[in-house]
Amino acid sequence: MSKDKNSKKEKFAKLIIDNNSYSFPIYSSTEGESVIDITKLHSKTKFFTYDPGFTSTASCESKITYIDGEKGILRYRGYDIEELADKSDFIEVVNLLIYGDLPNKSQLTKYKNLISRHTLLHEQIINFFQGFRRDAHPMAMMVGVMGALSSFYQDTLDIKDAHQRQEATRRIVAKSSTIGAMAYKYSIGQSFVSPKNNLSFSENFLHMCFSNTAEEYKVSPILAKAMDIIFILHADHEQNASTSTVRLAGSSGANPFACIAAGVSSLWGPAHGGANQAALEMLEEIGSSKNIKKYINKAKNKKDNFKLMGFGHRVYKNYDPRAKILKKICKKVLNHVGINNDPILQLAMDLEAIALKDKYFIEKKLYPNVDFYSGIILKAIGFPPEMFTVIFAIARTAGWTAQWTEMIEDPIQKIGRPRQLYTGNLITKYGKKRSRKNTR
Ligand code: SDX
């Protein structure tokens with residue numbers, strides 16, 4: 001916890017329970033919501049707070065990413081996402097997220113070399129892929145192989161050693177792109193393509209995915225730039241589900257590779273990182289603008305569990321700034337690959353226009369999120385929908401490792417262990433019938 005959290009005039013929140021008054025300190029943020037410290041709530045009141053889904057709960061203090069959901073602001077270490085997408089590159093952003101500020105030229109060159117030299121995988125890891133069915137989802141391979149790295153890089157498992165922690169973060173970021181590319185190659189039955197140290201991170205990823213033994217893939221600067229922006233936009237996002245999973249796994253002292261594998265698992269869900277694949281599949285199912293109304297009504301129908309994938313967000317109650325940037329680069333990429341007037345992009349824009357005028361979406365403040373346009377771009381670059389979440393995971397290794405490092409280095413961090421509201425059965429003697437009152 002930052003020592004200066006109480007630097008501002010101390011404020012307290014009062015809680016009255018059965019005419020007893022309890023007070024809890026309020027800590028001010030540098031931006032956004034302040035917090036009420038309830039760490040002593042249970043010891044003082046014998047009550048727990050109740051917040052399924054953590055809609056009003058701050059699980060930690062962090063200096064990494066700031067989101068203003070009402071204004072649609074996203075900043076990494078204070079830098080606006082728009083500026084970083086425009087002026088930075090993914091590995092510079094990785095360094096920014098993990099170390100706290102933009103590296104100077106020589107630091108960045110050194111860091112890029114370190115990352116490049118970690119893109120190779122131990123040769124035996126290839127055997128892990130052989131164990132998967134060819135039609136396995138690439139995320140299954142990401143989860144499995146990422147966790148398995150802990151058995152190959154045993155010299156970076158000691159989380160108390162700062163150098164080992166840093167080396168582990170470099171290995172995770174670097175090797176995630178190689179694993180992702182290998183998962184893609186394996187799923188299409190092509191041999192693996194080794195990374196090249198003379199290519200940038202994003203160029204290398206495209207090379208490993210689209211080159212093959214018969215011909216070198218000529219990396220287009222426009223597609224490499226689009227890939228890099230996609231990685232930057234997906235790099236971190238405060239305490240989202242997968243990052244919270246990484247933090248919770250890390251709080252037990254689990255090794256970094258295992259923690260990131262847990263994050264990959266959580267990201268896979270269609271309500272989270274799996275939404276980019278689901279959004280494109282939804283657009284393909286809608287098929288044409290004349291069906292939009294039918295699907296919007298399905299999304300509004302409480303009896304129908306259909307949701308507009310790529311729409312809505314726990315924090316953004318305004319347009320996701322990342323979606324704005326992706327919408328802008330969509331056209332550029334499509335034109336570059338010779339797809340003019342892509343019917344799916346047109347359908348996405350028509351759907352957005354109609355949804356944003358609909359009372360239900362306006363009232364619930366549902367806007368396109370990062371997953372709404374990303375799939376259209378990735379498909380145009382040449383990826384199948386199953387690879388979209390893999391690409392999200394590769395990018396998010398930056399945020400996961402930065403947040404994991406911050407948690408491990410937080411002097412007050414302890415194992416995460418929430419409590420519950422128990423509404424189950426009262427004590428029942430073995431072999432005795434439960435009383436009606438005691439049947440849940
Ligand atoms: C990501 O947390 C992060 O930061 C995540 C992420 C990141 O970078 O890490 O930004 C990446 O996961 C983006 C979100 C991708 N998911 C989707 O696009 C899936 C579709 N969206 C929904 O599942 C939903 O909007 C969530 C999961 C994203 C947010 O859900 P919340 O905050 O729990 O909100 P909710 O489900 O309680 O919705 C509030 C209301 C509900 O109606 P009521 O019960 O109040 O009547 O809005 C409705 C929901 O039914 N609603 C939708 C909707 N999203 C919410 N209705 C139709 N279509 C939708 N997409």
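Calculation criteria
Residues numbered from 1 in each chain as written. Predicted model: local features only at pLDDT ≥ 70, side-chain atom pairs only at ≥ 80, totals over all residues. Heavy atoms only, no water. Near = heavy atom within 4 Å. Polar contact = N/O pair within 3.5 Å; in protein donor to acceptor, adjacent residues only side chain to side chain. Areas by Shrake-Rupley, 256 points an atom, 1.4 Å probe, with all protein chains shown as cover. Nonpolar A, V, L, I, M, F, W, Y, C, P; charged D, E, K, R; others polar. Buried < 20%, exposed > 50% of the residue type's maximum accessible area, 1.4 Å probe, protein only. Helix = DSSP H or I, 4+ residues; strand = E, 2+ residues; numbered from the N terminus. Contact = heavy atoms within 4.5 Å. Phe/Tyr/Trp six-rings, centres within 6.5 Å; stacked < 30°, edge-to-face > 60°. Lys NZ or Arg CZ within 6 Å of the ring centre and 35° of its normal.

1. Notes on the site of the ligand
Neighbouring residues of the ligand: 24 residues in total, closest His237, Gly310, His313, Arg314 and Arg322. The separation between an oxygen atom of the ligand and a polar side-chain atom of His313 is 2.6 Å. Computed on the free molecule, the ligand has an accessible area of 1000 Å², of which 76% lies beneath the protein chains in the complex. Here the shell around the ligand is built from residues that sort into ten nonpolar, seven polar and seven charged.

2. Topic: helix 8 (residues 201-210)
With respect to burial, helix 8 is a largely interior element, nine of its ten residues being buried. Those residues of helix 8 lying buried are Phe201, Ser202, Asn204, Phe205, Leu206, His207, Met208, Cys209 and Phe210. Where helix 8 is buried, its residues touch helix 3 (90-99), helix 4 (105-116), helix 7 (162-187), helix 9 (221-233), helix 17 (370-381) and helix 18 (388-408).

3. Considering the packing of aromatic side chains
The tally for this structure, following the rule as stated, stands at 20 aromatic pairs. Aromatic side chains Phe128 and Phe152 sit 5.8 Å apart centroid to centroid with 75° between the ring planes, which places their arrangement in the edge-to-face category. Of this pair, Phe128 sits in helix 5 (residues 126-130) while Phe152 sits in helix 6 (residues 138-152), placing them 24 residues apart in sequence. Between Tyr153 and Phe257, the ring centres sit 6.2 Å apart and the planes meet at 40°, which makes this aromatic pair tilted. On the criterion of sequence distance, the pair formed by Tyr153 in the loop between helix 6 and helix 7 and Phe257 in helix 11 (residues 256-267) is long-range, its members being 104 residues apart. With a relative accessible area of 10%, Tyr153 lands in the buried category. Chaining the aromatic ring pairs together yields one cluster made of Phe90, Tyr184, Phe201, Phe205, Phe210, Tyr217, Phe231 and Phe383. Seen from the ring of Phe24, Lys44 lies directly overhead, with NZ or CZ sitting 4.9 Å from the centre. Lying across the ring of Tyr186, Arg134 places its NZ or CZ 4.0 Å from the centre.

4. Some remarks on the environment of Gly312
For Gly312, the position within the fold is in the loop between helix 13 (292-300) and helix 14 (321-336). Here Gly312 falls in the buried class, since its relative accessible area comes to 13%. Taking the C-alpha atoms as reference points, Gly312 and Ser200, separated by 112 residues in sequence, lie 34 Å from one another. Non-local contacts of Gly312, meaning those with residues more than four positions away in its chain, are made with Leu366, Tyr367 and Asn369.

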